[in-house]
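# Residue-level structural notes
Here's the letter readout for the chains.
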Number of protein chains: 2
Amino acid sequence: MRVTVTINRRPEIADPEGATVMRALHELGYTEAATVRMDRVIHMEVDGDDADEVRSRVEEMCRQLLANPVLEDFEVEVAP
Amino acid sequence: MRVTVTINRRPEIADPEGATVMRALHELGYTEAATVRMDRVIHMEVDGDDADEVRSRVEEMCRQLLANPVLEDFEVEVAP
């Protein structure tokens, strides 16, 4: 099954990578860039027949490895 | 204007980060993970009134800084 995991930094947590990119954009003359946030998307192909079971296994993967639960929120979508 | 830039590695280009994550998942017992690809999403707030102009400026930012045109494809979405 195709699974998409979106990992976003929590809004209250600073995003140093985004801040660096914004500074670089301003130095290149793109001063219209007002905010920049960098997020991650993981596209996976996961073996399994039951969408609910696949989702709960991938959520477990997120908590254990893919996301940092202190800094990040994640969302798991299983394609039908 | 809210702009979302999705940066995906071209399908024919290897994704060493995804391969590393997949290996780690397998070592943790998640052997059902068959493929893993890591992509990036940049959420921006860009000053400007004209959606077409904002899009073309952000595409320029992608070519100059945000994406690596040799390895990556990008897609710019401007929210109305």
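If you're wondering where the values come from, they're calculated on a predicted model, not measured in any experiment. (Residues numbered from 1 in each chain as written. Chains lettered and ligands numbered in written order. Predicted model: local features only at pLDDT ≥ 70, side-chain atom pairs only at ≥ 80, totals over all residues. Heavy atoms only, no water.)

This part is about the sheet that holds strand S2 (residues 33-46) of chain B. In space, the 6 strands of this open sheet follow the order S3(A)-S1(A)-S2(A)-S2(B)-S1(B)-S3(B), with antiparallel pairing throughout. At either end of the open sheet lies a strand with only one pairing partner, and these are strand S3 (72-78) of chain A together with strand S3 (72-78) of chain B. Between one strand and the next, the sheet's axes are offset by a mean angle of 20°, whatever the strand orientation. Direction of pairing for strand S1 (residues 2-9) of chain B relative to S3(B): antiparallel, over a ladder of 7 bridges. Of the residues in S3(B), the one forming a bridge with Thr6(B) is Glu75(B). Helix H1 (residues 16-27) of chain B contacts strand S2 (33-46) of chain A together with S1 and S2 of chain B of the sheet and is inclined by roughly 130° relative to S2(B). Its contacts with the sheet place helix H2 (residues 51-66) of chain B against S1, S2 and S3 of chain B, and it is angled at close to 155° to S3(B). (Pairing = 2+ DSSP bridges. Helix = DSSP H or I, 4+ residues; strand = E, 2+ residues; numbered from the N terminus. Axes fitted to C-alpha atoms, helices over the stretch in contact; angles between N-to-C directions. Contact = heavy atoms within 4.5 Å.)

What follows deals with the interface of chain A and chain B. In this assembly, 28 residues from chain A lie in contact with 28 residues from chain B. Summed over the shared surface of chain A and chain B, the number is 2 salt bridges. Listing elements by their share of the side of chain A that touches chain B, those giving two or more residues are helix H1 (16-27), S2 and helix H2 (51-66) of chain A. At 14 residues, S2(A) tops the list of elements feeding residues into the side of chain A that touches chain B. For the side of chain A that touches chain B, the per-class residue count stands at 16 nonpolar, 4 polar and 8 charged. Where S2(A) and S2(B) come together, 13 bridges link them in antiparallel fashion. (Salt bridge = Lys/Arg side-chain N within 4 Å of Asp/Glu carboxyl O. Nonpolar A, V, L, I, M, F, W, Y, C, P; charged D, E, K, R; others polar.)

Attention now goes to the relation of the copies chain A and chain B. Superposing chain A onto chain B takes a rotation of 180° combined with a translation of 0.0 Å along the rotation axis, leaving an RMSD of 0.0 Å. As the rotation angle and translation indicate, the two copies are arranged about a two-fold axis. Proximity to the rotation axis, assessed at the C-alpha, singles out Arg40(A) in chain A; its C-alpha lies 2.4 Å from the axis. The fraction of interface residues of chain A whose copies in chain B are also interface residues reaches 100%, indicating that both copies meet through the same surface. (Least-squares fit on C-alpha atoms with pLDDT ≥ 70 in both.)

Moving on to the side chain of Asp15(B). Residue and element names in this part refer to chain B. Structurally, Asp 15 is set in the loop between S1 and H1. Asp 15 sits in the buried class, given a relative accessible area of 10%. Separated by 3.1 Å, the side chain of Asp 15 and the backbone nitrogen of Gly 18 make a polar contact. Not counting the four nearest positions on each side in its chain, Asp 15 is found in contact with Arg 9, Val 36, Arg 37 and Met 38. (Buried < 20%, exposed > 50% of the residue type's maximum accessible area, 1.4 Å probe, protein only. Polar contact = N/O pair within 3.5 Å; in protein donor to acceptor, adjacent residues only side chain to side chain.)

So, about the layout of surface pockets. Empty space among the atoms can be located by rolling a probe the size of a water molecule over them. Of the volumes computed, that of the largest pocket is approximately 330 Å³. Glu17(A), Asp39(A), Arg40(A), Asp39(B) and Arg40(B) are the residues nearest the centre of the largest pocket, which is lined by 17 residues in total. Those elements that provide at least two residues to the lining of the largest pocket are strand S1 (2-9) and S2 of chain A together with S1 and S2 of chain B. Of the residues that constitute the lining of the largest pocket, the class distribution is 4 nonpolar, 1 polar and 12 charged. (1 Å grid on protein atoms, 1.4 Å probe; cavity = no way out; pocket = protein on both sides within 12 Å on 5 of 7 lines; lining within 4 Å. Points joined across faces, edges and corners; volume = space filled by probe spheres on them.)

So, about H1(B). Think of an α-helix as turning once every 3.6 residues; residues three or four places apart then point the same way. Residue and element names in this part refer to chain B. Here H1 spans 17 Å end to end across 12 residues, near enough to the 16 Å set by a 1.5 Å rise per residue. Taken as a whole, H1 has its buried residues at Gly 18, Val 21 and Leu 25. Taken end-on, H1 shows its buried residues confined to a sector of 65°, consistent with a single buried face. Projecting away from the buried face of H1 at angles above 90 degrees are the exposed residues Pro 16 and Glu 27. (Expected span 1.5 Å × (residues − 1). Arc of directions from axis to C-beta.)

Let us now look at the environment of Gln64(A). You can see Gln64(A) is positioned in helix H2. The sequence separation of Gln64(A) and Asp39(A) amounts to 25 residues, and the corresponding C-alpha distance is 19 Å. If sequence neighbours within four positions are ignored, Gln64(A) has contacts with Leu28(B) and Tyr30(B).

In short, shape yes, function no, at least from these values alone.
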